[in-house]
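Structural description and commentary
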2 protein chains.
Amino acid sequence: MTGYESSPLYRIMHPRSVAFWGASNNPMGMGSVQLGELLAMGFQGQVYPVHPSESVVMGLPAYSRVQDVPGPVDLAILVLPTRVVPEVLEQCGNAGITRAIVVSAGFGEIGSDGKQLQDRIVEISRKYGIHFLGPNCIGVINPRHKLNTTFYPYVAAPGFIGMASQSGSFVTQMFVQLEKFGLGFSQGMSVGNEGVIDLAECVEYLGQCPWTKVIGLYIEGIKRGQEFVRIARTVSKTKPIVAYYVGGSKAGSRAGISHTGALAGPDPLYNGIFEQCGIIRAGSIEELFDFCYVLGSQPITKGNGLAILTHSGGPGAAAADAADRCGLEMAEFAPDTLEALDQTVPHTASVRNPVDMTFARNYNDYLEKLPRILLSDKGVDALFVYLLMPHKRVIRSVIDSLMDKPENSSAIADNFFIGQAAAVAGLSREFGKPVVGASFHTRSELFIREVQDRGLPVLSSPERATRALGALARYSRFRQDMVNNNDD
Amino acid sequence: MTGYESSPLYRIMHPRSVAFWGASNNPMGMGSVQLGELLAMGFQGQVYPVHPSESVVMGLPAYSRVQDVPGPVDLAILVLPTRVVPEVLEQCGNAGITRAIVVSAGFGEIGSDGKQLQDRIVEISRKYGIHFLGPNCIGVINPRHKLNTTFYPYVAAPGFIGMASQSGSFVTQMFVQLEKFGLGFSQGMSVGNEGVIDLAECVEYLGQCPWTKVIGLYIEGIKRGQEFVRIARTVSKTKPIVAYYVGGSKAGSRAGISHTGALAGPDPLYNGIFEQCGIIRAGSIEELFDFCYVLGSQPITKGNGLAILTHSGGPGAAAADAADRCGLEMAEFAPDTLEALDQTVPHTASVRNPVDMTFARNYNDYLEKLPRILLSDKGVDALFVYLLMPHKRVIRSVIDSLMDKPENSSAIADNFFIGQAAAVAGLSREFGKPVVGASFHTRSELFIREVQDRGLPVLSSPERATRALGALARYSRFRQDMVNNNDD
């Protein structure tokens, strides 16, 4: 296995300098937009635009030929018309550049003519020892290195999800999706037509990335099947991999061919591959990130026993129904658990699983005492907690409970929310069991934001949260099987 | 069939006056919270709090007994301890009140003792001819009548979704879910334990409500099976019904019993019932509203042929894959369609279905010209369009295209967005075919908000949008079968 820093991807993701083809002083060109985002992200290394006629591009000194660039170049980015790509790649090779991102499209994905051109650039890259991403890709994001070669601003935080995708959109347009949950990419790469670097190589690299806690894959078709299985099976012994595969249907397969030229296979074949590798399959792009959120942040489970804590019957029943359908079992509580619950909940409440408070009057009980009782039960391997904290009502409740009504009551209420969020978010680590929440409210609510930012995943519905716990339980079984079989 | 205004539900949903039990001057009590929301909504009728000792409750004159209330009472709302409910209901009967909402819990859902008490209040209601919702419910919302008896503020707009739910949360906590899409309830009722008024009666009532374009149901178990089938089958011939049923799994069924005492049945039984009635089943609460959104706003389809328009390959492939899995077919375009597409898209684009622009330079083409070409094709029964309108970039593009750079460039860009939104949102009506969009951006973006507010559904992912179109196609087949069989 290639080491992290010796992986060909390392310098693509951590360049000290970039030579950029295809940007100009027309701000609407795709290359200009991409260079603009690279600069906007605050990239710390040297940036050398290469342009045939302009001496300054977007405020930077530009060079007409790569030989004229005054320093060493770690990474070449090509946003050029298809036909000139081979020539420029050859120039890169001659200049000793060994890493590149080929954004240009019009290769393997458009049919046999494009395939021939793609073969040619692969041949050139072999001749000069160039490792490149693409063609027909949108590049990479490495927020901690302040590297964004794509054409969207990175609005999310640096995160723990490593992404490798056959769709550029499912890297770049996910910035806004991740931001909805306070999540972010550790590193993300769009592999396009996989001329040289493919998904397998990305999985190997992300498997070793210290910031990456979970790997997300968007797949239209896997190229080097055996190699992919060998690598993914090794990586997923220590780091979960979640895959969204769209090539298993007739329509999805056809769409994939005209998108990246990828060759798909039927669902059973891919399900077999995924199972062999311990890869968890997601059914949609939202679910891919739901699963990554929980698998990348929560400890693995010992079993399938789920406890559901709610103060709203419908969301509790919805979570229970979803649990049954994704392989989780409703935990049967031990007698002392039932006794402890009985002493805490109101008489209208149900202490059977789901535990339903019916109307949450005491938030300390709901967010700390009850979860502790449930997580202490041996039969409970995971906890789902429905999180609804009606901001205004809680503020009123907090204020009413104070002897003096101080002027800074809003700050006091905020502190209350933050304290409650810290209490519930710390339980997972303390008990070594996964805890996942759900709310129809979003991060615009202080409480949700605080819970998420303290590491407890809050998903958008009870069903989505439960299914993500189901995915975690499936992955946990794979890990246990590996240990039991002493597989290496 | 009972007429709309002669339905027992009509006066519950349109009371001219309300007597309210259970509110006090302690703002934290559940009754006080509910009365507070009723007043906050701006209810126009008389409100009479009934309280044993206070003469003023929350600023309103209060009455110690219902006989003392100075005017006629259309609706009694009871938020009282379980044990006093029978007595108060008896008093209501004596005072000639015939409509009530019993919020109080502790009846059929807690076991045989509660069941006995529930039987008793049903008996009282029969004696006096009282029709009530509940017990163990959260009441109703009728935004156009400014009626909100629940304990959450109604933050959404008056809308077209009629909701009847065995979970109060899946009425009240959906206010914020609907608001994410600019949607709202036409009328919504939480039926609780269905002591008297049940889901079937709500479906009959909503079927006749002029504001309700689609009916959403949350079901833990159906009570009067034959009656439900008879009514739902009649209603869904003209108005779609979407149901989210959680009782089909072991865990969901058990949760339902302790929630509302509902008796569930296995999935195949309920799927049979739904099929017989033309009810479309949703797999989650989010999906329930996704389906309602599209079924309530878009025309029914003639067939299953779907066209996908995108400028991002991944989202296009994801939509195609989802289409295949939900019974839609990728339309094969006619020769003149292909020719017209070829003349409009760039050379890197794909004119096969999905139509992939690869990089949208010309938004007029993308949002108007191309959709028109596709919707004119006889084989296209429905259109999915991926909507991504990067606000900043479009503004820059619009400004750059202007000869003069005016100072009010932001207003000009806004007008551009509004114009584009109007163009794409008008297509569905013009062609009589459903059009549905998706974006990872939300209503915080002007463009998305404008498109949604002009009647084109924009869902949160390509898969969700496509599945909702699949649900519409399934409902359309039911409607056609009804016509073909001349069923009545």
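Source: prediction; values computed, not measured.

Thoughts on the relation of the copies chain B and chain A
Superposing chain B onto chain A requires a rotation of 180 degrees together with a translation of 0.0 Å along the rotation axis, leaving an RMSD of 0.0 Å. Given the turn and translation reported, the copies of this chain are related as if by a two-fold rotation axis. Of the interface residues in chain B, 100% have counterparts in chain A that sit at the interface too, so the contact is made through matching surfaces.

Focus on the packing of helix α13 (residues 335–342) of chain B against helix α14 (residues 363–376) of chain B
Residue and element names in this part refer to chain B. One can describe the packing of α13 onto α14 by two numbers: an axis separation of 9 Å at closest approach and a directional angle of 170 degrees. When the axes of α13 and α14 are compared, the pair comes out roughly antiparallel. Two secondary-structure elements touch here, α13 through T337, A340 and L341 and α14 through L370, I373 and L374. Among the residues forming the contact of α13 with α14, the class breakdown is 5 nonpolar, 1 polar and no charged.

Structural notes on the side chain of N193 of chain B
Residue and element names in this part refer to chain B. By the secondary structure assignment, N193 is in the loop between β11 (185–190) and α7 (199–208). On the accessibility criterion, N193 (4% relative accessible area) is buried. A distance of 2.9 Å separates polar atoms of two side chains, one belonging to N193 and the other to N136. N193 has contacts with F107, G108, E109, Q118, G134, P135, N136, K223, H259 and T260, leaving out every residue within four places of it along the chain.

Observations concerning the packing of aromatic side chains
All names here are of chain B. Considering all chains together, one arrives at 36 aromatic pairs over all chains under this definition. Ring geometry for Y245 against Y270: centres 3.8 Å apart, planes inclined by 10 degrees, an arrangement best described as stacked. One end of the pair, Y245, is in strand β13 (residues 241–245); the other, Y270, is in helix α10 (residues 267–277), and 25 residues separate them in sequence. There is no split in this pair, since Y245 and Y270 are both buried. With 6.0 Å between their ring centres and 70 degrees between their planes, Y270 and F274 make a pair best called edge-to-face. Linking Y270 with F274, this pair stays in helix α10, spanning 4 residues, or about one helical turn. Here Y270 and F274 have matching classes, each one buried.

Topic: the side chain of H311 of chain B
Here H311 of chain B is to be found in the loop between β15 (305–310) and α12 (313–325). Within the local environment of H311 of chain B, its side chain forms a polar contact with the side chain of S312 of chain B, the two groups lying 3.3 Å apart.

Observations regarding the environment of V458 of chain B
All names here are of chain B. Within the secondary structure layout, V458 lies in strand β20 (residues 458–459). We classify V458 as buried; its relative accessible area is 2%. Residue contacts for V458: discarding those within four places in its chain leaves F181, Y293, L387, G437, A438, S439, I448, V451 and Q452.

Focus on the state of the cysteines
Enumeration according to the criterion identifies 0 disulfides over all chains in this entry. The structure places no disulfide on C209 of chain A, whose sulfur is separated from the nearest cysteine sulfur, that of C202 of chain A, by 12 Å. Of all cysteine sulfurs, the one in C292 of chain B lies closest to C326 of chain B, which takes part in no disulfide; the gap is 16 Å.

Describing the sheet that holds strand β2 (residues 46–50) of chain B
All names here are of chain B. What the 5 strands build is an open sheet, ordered β2-β1-β5-β6-β7; its pairing is parallel. In this open sheet, the two strands that pair with only one neighbour each are β2 and β7 (131–133). The sheet shows a mean angle of 20 degrees between the axes of neighbouring strands, direction not considered.

Comments concerning the pairing of strand β19 (residues 435–438) of chain B
Moving residue by residue along a regular strand, the side chains alternate between the two faces of the sheet. Residues and elements named next belong to chain B. Alternating residues of β19 divide into V435 and G437 and V436 and A438, and every residue in both groups is buried. Taken together, the 4 bridges between strand β18 (residues 382–386) and β19 define a ladder with parallel strand orientation. Paired with Y386 across the two strands is A438, which belongs to β19. By the bridge criterion, 2 bridges tie β19 to β20 in an arrangement that is parallel. Within the sheet, the bridge partner assigned to A438 lies in β20 and is L459.

Description of the domain arrangement of chain A
All names here are of chain A. Domain boundaries assigned for chain A yield domain 1 (8–294) and domain 2 (299–476). Contacts between domain 1 and domain 2 engage 18 residues on the former and 16 residues on the latter. Here domain 1 and domain 2 share an interface that buries about 1300 Å² over both sides, 62% of which is from carbon and sulfur atoms. One can count 2 salt bridges joining domain 1 with domain 2. Between R464 and D290 there is a salt bridge, with the nearest N and O atoms lying 2.7 Å from each other. Run the count over domain 1 and domain 2 and you get 3 residue pairs in polar contact (both at pLDDT 80 or more). Here the side of domain 1 that touches domain 2 gets 6 residues from one element, more than from any other, and that element is helix α11 (residues 285–295). Split into classes, the residues belonging to the side of domain 1 that touches domain 2 amount to 6 nonpolar, 4 polar and 8 charged.

Calculation notes
Residues numbered from 1 in each chain as written. Chains lettered and ligands numbered in written order. Predicted model: local features only at pLDDT ≥ 70, side-chain atom pairs only at ≥ 80, totals over all residues. Heavy atoms only, no water. Least-squares fit on C-alpha atoms with pLDDT ≥ 70 in both. Contact = heavy atoms within 4.5 Å. Axes fitted to C-alpha atoms, helices over the stretch in contact; angles between N-to-C directions. Helix = DSSP H or I, 4+ residues; strand = E, 2+ residues; numbered from the N terminus. Parallel < 35°, antiparallel > 145°, perpendicular 65-115°, else oblique. Nonpolar A, V, L, I, M, F, W, Y, C, P; charged D, E, K, R; others polar. Buried < 20%, exposed > 50% of the residue type's maximum accessible area, 1.4 Å probe, protein only. Polar contact = N/O pair within 3.5 Å; in protein donor to acceptor, adjacent residues only side chain to side chain. Phe/Tyr/Trp six-rings, centres within 6.5 Å; stacked < 30°, edge-to-face > 60°. Disulfide = S-S within 2.5 Å. Pairing = 2+ DSSP bridges. Domains from an automatic or database assignment. Buried area = accessible area lost by both parts, 1.4 Å probe. Salt bridge = Lys/Arg side-chain N within 4 Å of Asp/Glu carboxyl O.

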